Amino acid sequence: MHRRRRSALVLSAAALLAAPLLTACGNDAHPGAAAVVGDQRITVAQLENRVNEVRSAQRAALPDDKQYEQVIAKTGGLTRSTLHTMVLDKVLHRAARDAGVGVTRKEIQTMRGQLEKQAGGRKALEAGWLQQYSVAPEHLDDSIRTEIEAQKLARALGADMNAQDGQNTFWATLSKTSKKLDVDLNPRYGTWDVKTSKRTDLRTPWVREVSGGGSTRAEA
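All figures in this text were calculated on a predicted structure; none of them were measured in a lab.

**Student:** Quick question: what am I supposed to make of the packing of helix 2 (residues 44-61) against helix 4 (residues 78-98) here?
**Tutor:** To characterise two packed helices, one gives the angle between the axes of the helices and the distance between these axes. Where helix 2 contacts helix 4, the axes come no closer than 10 Å and their chain directions differ by 115°. Judged by the sense of rotation from one axis to the other, the crossing of helix 2 with helix 4 is right-handed. Residues Leu47, Arg50, Val51, Val54 and Arg55 of helix 2 form the contact with helix 4, whose own contacting residues are Leu78, Thr79, Thr82, Leu83 and Met86. Residue classes in the contact of helix 2 with helix 4 are distributed as 6 nonpolar, 2 polar and 2 charged.

This is the structure in structure tokens:
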């Protein structure tokens with residue numbers, strides 16, 4: 001893929017990777033919930049369905065048992081990472097809304113078309129996001145929407161994501177939003193604290209480029 005798309009965002013999903021180090025609250029006050037973000041619940045059933053969709057897509061893509069088992073071994077923390085991604089997406093969505101940022105269906109279709117062209121078609125794009133970000137094909141449009149929100153939020157904040165100060169501004173906004181929403185995770189999945197050090201070895205789709213215009217497809 002185009003090299004400029006690879007380096008545009010150093011920001012990482014630290015809240016995902018650093019789960020064992022996090023210090024936020026978590027209790028049994030919300031039975032049946034994997035997490036509560038503001039007034040929204042992510043139920044255990046919703047989380048399990050999302051994970052099952054990824055596993056089903058992986059199984060379909062890898063009919064060879066040995067290859068599939070290797071993928072399972074590499075993504076053993078899928079349930080926890082999926083939940084943290086779902087929570088982080090909700091935090092970002094609220095931050096974008098508070099900043100007056102919205103995403104249209106046309107924008108999603110336009111970006112998807114660009115990404116498919118870069119990837120070599122719809123199937124190739126779906127396979128790439130499944131492999132790199134554990135996004136099942138049926139949720140690809142949702143991930144693209146979230147990525148566009150991240151781009152627009154950065155622009156609204158005047159945050160240059162190629163600079164450390166810009167990254168700090170962007171992440172500080174998510175931190176404030178996370179506190180406002182009083183994110184609460186079921187203890188079985190860990191705890192939540194968006195104020196963690198930034199790392200780059202675990203990725204979610206929108207945690208890549210949020211500063212440029214147009215497509216944001218990053219090279220793996």
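There's more to say after this.
**Student:** I'm lost on unusual backbone geometry in this one. Help?
**Tutor:** For residues besides glycine, phi is generally negative; the peptide bonds are generally trans as well. A positive phi angle, close to 55°, is found at serine 134, a residue other than glycine. With respect to the helices and strands, the residue serine 134 is situated in the loop between helix 6 (122-133) and helix 7 (140-157). For serine 134, a relative accessible area of 23% corresponds to the partly exposed category.

**Student:** Before we go on, may I ask you to explain the sheet that holds strand 2 (residues 40-43) in this structure?
**Tutor:** Strand pairing in a sheet takes place through backbone hydrogen bonds and is either antiparallel or parallel in direction. Here 3 strands make up an open sheet; going across it, the order is 2-1-3 and the pairing antiparallel. Either end of the sheet is taken by a strand with one partner, and the two such strands are strand 2 and strand 3 (184-185). Both strand 1 (residues 33-37) and strand 2 contribute to a ladder of 4 bridges, which runs antiparallel. Paired with alanine 35 across the two strands is isoleucine 42, which belongs to strand 2. Relative to the sheet, helix 2 contacts strand 1 and strand 2, its axis offset from that of strand 2 by approximately 55°.

**Student:** How should the confidence of the model for the protein be read in this particular structure?
**Tutor:** Low-pLDDT stretches of the model should not have their predicted coordinates read in fine detail. In this model, the protein carries an average pLDDT of 80, and 74% of its residues clear a pLDDT of 70 or more. Per-element confidence in the protein is highest for helix 5 (residues 105-119), whose mean pLDDT is 97, and lowest for helix 1 (residues 14-17), whose mean pLDDT is 35. Ignoring residues within four places in sequence, the model shows residues 197-202, a span with pLDDT below 50, making 21 contacts including any to other chains. Note that residues 208-220 has pLDDT below 50 and, in this model, 60 contacts with residues that lie over four places away or in other chains.

**Student:** Just checking my understanding: could you explain the packing of aromatic side chains for this structure?
**Tutor:** Counting across every chain of the model gives 1 aromatic pair. Aromatic side chains tryptophan 129 and tyrosine 133 sit 5.5 Å apart centroid to centroid with 75° between the ring planes, which places their arrangement in the edge-to-face category. Of this pair, tryptophan 129 and tyrosine 133 both sit in helix 6, separated by 4 residues, roughly a single helical turn. Taking the relative accessible area as the measure of exposure, tryptophan 129 reaches 0% and is therefore buried. The class of tyrosine 133 is buried, set by a relative accessible area of 7%.

What counts and what doesn't
- Residues numbered from 1 in each chain as written.
- Predicted model: local features only at pLDDT ≥ 70, side-chain atom pairs only at ≥ 80, totals over all residues.
- Heavy atoms only, no water.
- Axes fitted to C-alpha atoms, helices over the stretch in contact; angles between N-to-C directions.
- Helix = DSSP H or I, 4+ residues; strand = E, 2+ residues; numbered from the N terminus.
- Left-handed = near helix turned anticlockwise from the far one by under 90°.
- Contact = heavy atoms within 4.5 Å.
- Nonpolar A, V, L, I, M, F, W, Y, C, P; charged D, E, K, R; others polar.
- Buried < 20%, exposed > 50% of the residue type's maximum accessible area, 1.4 Å probe, protein only.
- Pairing = 2+ DSSP bridges.
- pLDDT = per-residue confidence, 0-100.
- Phe/Tyr/Trp six-rings, centres within 6.5 Å; stacked < 30°, edge-to-face > 60°.

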